[in-house]
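Analysis of the macromolecular model
Here is how the chains run, residue by residue.
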Amino acid sequence: MKTVATFSTEAEAYIAKGMLADHGIESMTGPDNMTTLYGAGSTWAPVDLYVRDADFEEARRLLEAHSDV
């Protein structure tokens, strides 16, 4: 797995994750929900979006085309 983008909120990361899924690219986010402050949606750490190495170039292209990065 390779980091394709980093987001300041989980919401942004999950929107990008959904867009990639719509294009057949599996991804995962991290770090986990432990970075969420009391479940309020504010993080104190960046949220990375990971894709398989083989999907990196296409995922990056899609994220740039959709202004997610």
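Heads up: the structure comes first, above all this text.
Since the model is a prediction, treat every value here as computed from it, not as a measurement. (Residues numbered from 1 in each chain as written. Predicted model: local features only at pLDDT ≥ 70, side-chain atom pairs only at ≥ 80, totals over all residues. Heavy atoms only, no water.)

Describing the pattern of salt bridges
It is possible for side chains of opposite charge to pair when their charged atoms get near one another. Let me state the cut-off plainly: Counted as salt bridges are all cases of a side-chain nitrogen of Lys or Arg within 4 Å of a carboxyl oxygen of Asp or Glu. The buried label goes to any residue with under 20% of its type's maximum accessible area, the exposed label to any with over 50%, and the partly exposed label to all in between, with areas taken from a 1.4 Å probe on protein chains only.
For the structure shown, the criterion picks out three salt bridges. D55 serves as the salt-bridge partner of R52, at 2.8 Å between the closest nitrogen and oxygen. Note on D55: relative accessible area 16%, which makes it buried.

Let's talk about the packing of aromatic side chains
Here a ring pair, both rings aromatic, is described through the centre-centre distance and the interplanar angle of the planes. Let me state the cut-off plainly: Stacked, edge-to-face and tilted are the three classes for Phe, Tyr and Trp ring pairs, Trp counted by its six-membered ring, which pair at centre distances within 6.5 Å; planes under 30 degrees apart are stacked, over 60 edge-to-face, the rest tilted. In our convention, an over-ring charge means Lys NZ or Arg CZ found within 6 Å of a ring centre and within 35 degrees of that ring's normal.
Counting across every chain of the model gives zero aromatic pairs. The residue whose ring lies beneath K2 is F56, and the NZ or CZ to ring-centre distance is 4.4 Å.

Looking at the nonpolar core
Stated precisely, the cut-off is as follows: Put simply, a nonpolar core is a bunch of buried Ala, Val, Leu, Ile, Met, Phe, Trp, Tyr and Cys residues held in one set by side-chain atoms that sit within 4.5 Å of each other. Each helix is a run of H or I in the DSSP string that is no shorter than four residues. Each strand is a run of E no shorter than two, and both are numbered from the N terminus. Contact criterion: two residues are considered in contact whenever any of their non-hydrogen atoms come within 4.5 Å of each other.
If you look at the biggest cluster of nonpolar residues, it comprises 15 residues, and the most contacted ones within it are V4, L20, L49, V51 and L63. If you list the elements that add at least two residues to this core, you get strand 1 (2–7), helix 1 (10–22), strand 3 (47–51) and helix 2 (56–65). Aside from chain neighbours lying at most four places away, what touches V4 is L49, V51, F56, A59, R60 and L63.

Let's talk about the pairing of strand 3
Note the cut-off: A pair of strands is treated as paired once DSSP finds two or more bridges between them.
With respect to burial, strand 3 is a largely interior element, four of its five residues being buried. Here four bridges tie strand 2 (residues 27–30) to strand 3, and the two strands are oriented antiparallel to one another. Within the sheet, the bridge partner assigned to T29 lies in strand 3 and is L49.

Observations regarding helix 2
Rules: This arc corresponds to the set of directions leading from the helix axis out to the C-beta atoms.
Among the residues of helix 2, F56, A59, L62 and L63 are the ones counted as buried. In a view along the axis of helix 2, the buried residues occupy a sector of 130 degrees, so they form one face of it. More than 90 degrees from the buried face of helix 2, the exposed residues found are E57 and A65. Buried residues along helix 2 sit in contact with strand 1, helix 1 and strand 3. Looking one or two residues beyond helix 2, the residue adopting positive phi is S67, at roughly 60 degrees.

So, the packing of helix 1 against helix 2
Condition: Working convention: axes come from line fits to C-alpha atoms, limited for helices to the stretch in contact. Angles between N-to-C directions cover 0 to 180 degrees. In what follows, roughly perpendicular refers to angles from 65 to 115 degrees, roughly parallel to angles under 35, roughly antiparallel to angles over 145, and oblique to any angle outside these ranges. Crossing handedness is defined as follows: a turn of the near helix away from the far one that is anticlockwise and smaller than a right angle gives a left-handed crossing, while the clockwise case is right-handed. Throughout, the ten residues Ala, Val, Leu, Ile, Met, Phe, Trp, Tyr, Cys and Pro are labelled nonpolar, Asp, Glu, Lys and Arg are labelled charged, and all others, Gly among them, are labelled polar.
In contact at an axis separation of 10 Å, helix 1 and helix 2 are set at 120 degrees when each is read in the N-to-C sense. In terms of axis orientation, helix 1 runs oblique to helix 2. For the element pair helix 1 and helix 2, the recorded crossing hand is right-handed. Within the contact between the two elements, helix 1 uses A16, M19 and L20 and helix 2 uses A59, L62 and L63. Of the residues that constitute the contact of helix 1 with helix 2, the class distribution is six nonpolar, no polar and no charged.

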